[in-house]
Every structure is written in structure tokens, then in C-alpha cells.
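# Observations on chain architecture
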Amino acid sequence: MRYLDSADRDYAHTMHAWLSEWLPDARCFACQTGYFRATALRWFEDDVVRILDRDGEVHLVIGANEDRLIASDLEETVELLAPWLGQTASFTVVTARDVLFHPKTYYCESRDGTRAAAIGSANLTPNGLGGNVEASLAFDDDDGIPTVWSSPGFVDT
């Protein structure tokens, strides 16, 4: 287990650094985030396309909170994922009245089957990935992730 705390302004302690470590060899990437900017996803566009081109999976669930979701962010993301949507990619927007959709969870599975997850305060936005002070706990298989955590992060039945 690793504790990521960007308060020390060390890049190695950011969610951007964690994603940069796991996504290049990933076969699955899943994320739930309350706030989203396509700019943050674009930083990993080559990795996302590589995952999907290798018949991997990408699943994004984002919040439409407080009128802060921008149409161009949705359009860019749909354009990026379009060739795979409904097959090996999904893009879900969650909205609710009088409540925030507020998770910040990240899941990666490498091509060799190694799994990693990060849970914390970092949204999938440029500020969340490295600009703000954020904290997360990051786990991988060496930490004993339960076997019920399976691609794309759903519980096996």
C-alpha cells in the first residue's frame, strides 16, 4: 500500500504519477470520479487507445455535479472512445438532484494480470491529478487485493 499526498508538491505523490506508472502496460482501466475534464484524460490518450487497441477495457463513470460538466469535455471523450463504446469501452454520466456523485476511484489491471487500485480525493481533472493538494491510498496485488476485485472493478458472482 502506498499513501499518495501531493501536499509536499512532489510529483511522485500525485495521482498523475500513479496513472503514469500503471496505464502504459494496462489491459483494463476503470475510473469513477465526481468531477471530470477531458484535458486530464487527454494526458493519457495514447495509453487509453493502446489499451483499447489491444482488446482491453476502459470504463469511465463521471459526475455531472453542480453544473460543472462541460459539453466539450463530453464530446471529446465520446470522440476518443467512440470506436469501442458498447464493446470494450463505456462512458457513463451520473446526475442526481440534491446530491453529489462524489467517488474518486481508479482501477488498473496490467497485461500480466497484476491489479492496482487507488482511492482518494483526486478527481479526473488537471487540478485533481496534480495541481491541488490531494491524498489517496494506492494498493496493488502485493498488498493482497481480494480476488472479488475483478476487471473492470465489479464483484464476481
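Above: the structure in question.
What comes next concerns the included structure.

Within the protein chain, the regular secondary structure consists of 5 helices and 9 strands. Helices and strands in the protein chain line up, N terminus first, as β-α-β-α-α-β-α-β-β-β-α-β-β-β. Computed over its C-alpha atoms, the radius of gyration of the protein chain comes to 15 Å, within 12% of the 15 Å expected for a compact globule of 157 residues. With respect to the three principal axes, the spread of C-alpha positions in the protein chain is 40 × 40 × 30 Å. When each of the 157 residues of the protein chain is scored for burial, the buried share is 42%. Sequence-distant contacts in the protein chain: of pairs separated by 6 or more residues, those separated by 24 or more amount to 70%. Measuring between centres, the 12 positive side-chain charges of the protein chain sit 3 Å from its 26 negative side-chain charges.

Tallying each qualifying case throughout the model produces 2 aromatic pairs. Between Trp18 and Trp22, the aromatic rings sit 6.3 Å apart at their centres with planes inclined by 40°, giving tilted as the arrangement. With a gap of 4 residues between them, Trp18 and Trp22 both fall in helix H1 (residues 15–22), about one helical turn apart. Taking the relative accessible area as the measure of exposure, Trp18 reaches 1% and is therefore buried. Accessibility expressed as a relative area gives 12% for Trp22, which makes it buried. The interplanar angle of 55° and the centroid separation of 6.1 Å between the aromatic rings of Phe36 and Phe91 together place this pair among those described as tilted. Remark: Phe91 occurs in strand S4 (residues 89–94) and Phe36 occurs in the loop between strand S2 (26–33) and helix H2 (38–42); sequence separation between them is 55 residues. As far as the burial class goes, Phe36 and Phe91 line up, both buried.

We now examine the nonpolar core. Met15, Trp18, Leu19, Phe29, Leu60, Leu81 and Tyr106 are the most contacted members of the largest nonpolar core, which totals 33 residues. Ranked by residues supplied to this core, first place goes to H1 with 4 residues. When near neighbours in sequence (up to four residues on either side) are disregarded, Trp18 contacts Arg2, Leu4, Tyr106, Cys108, Ala116, Ala117, Ala118 and Ala138.

Note: strand S3 (residues 57–63) against S4, 6 bridges, orientation parallel. Residue pairing across strands places Ile62 opposite Val93, the latter belonging to S4. Taken together, S3, helix H4 (residues 71–81) and S4 form a β-α-β motif whose crossover is right-handed.

About the thresholds
- Residues numbered from 1 in each chain as written.
- Predicted model: local features only at pLDDT ≥ 70, side-chain atom pairs only at ≥ 80, totals over all residues.
- Heavy atoms only, no water.
- Helix = DSSP H or I, 4+ residues; strand = E, 2+ residues; numbered from the N terminus.
- Rg over C-alpha atoms; globule rule 2.2 N^0.38 Å.
- Buried < 20%, exposed > 50% of the residue type's maximum accessible area, 1.4 Å probe, protein only.
- Contact = heavy atoms within 4.5 Å.
- Lys, Arg positive; Asp, Glu negative; His and termini not counted.
- Charge placed at Lys NZ, Arg CZ, Asp CG, Glu CD.
- Phe/Tyr/Trp six-rings, centres within 6.5 Å; stacked < 30°, edge-to-face > 60°.
- Core = buried A, V, L, I, M, F, W, Y, C linked by side-chain atoms within 4.5 Å.
- Pairing = 2+ DSSP bridges.
- Right-handed = clockwise from strand over helix to strand, strands pointing away.

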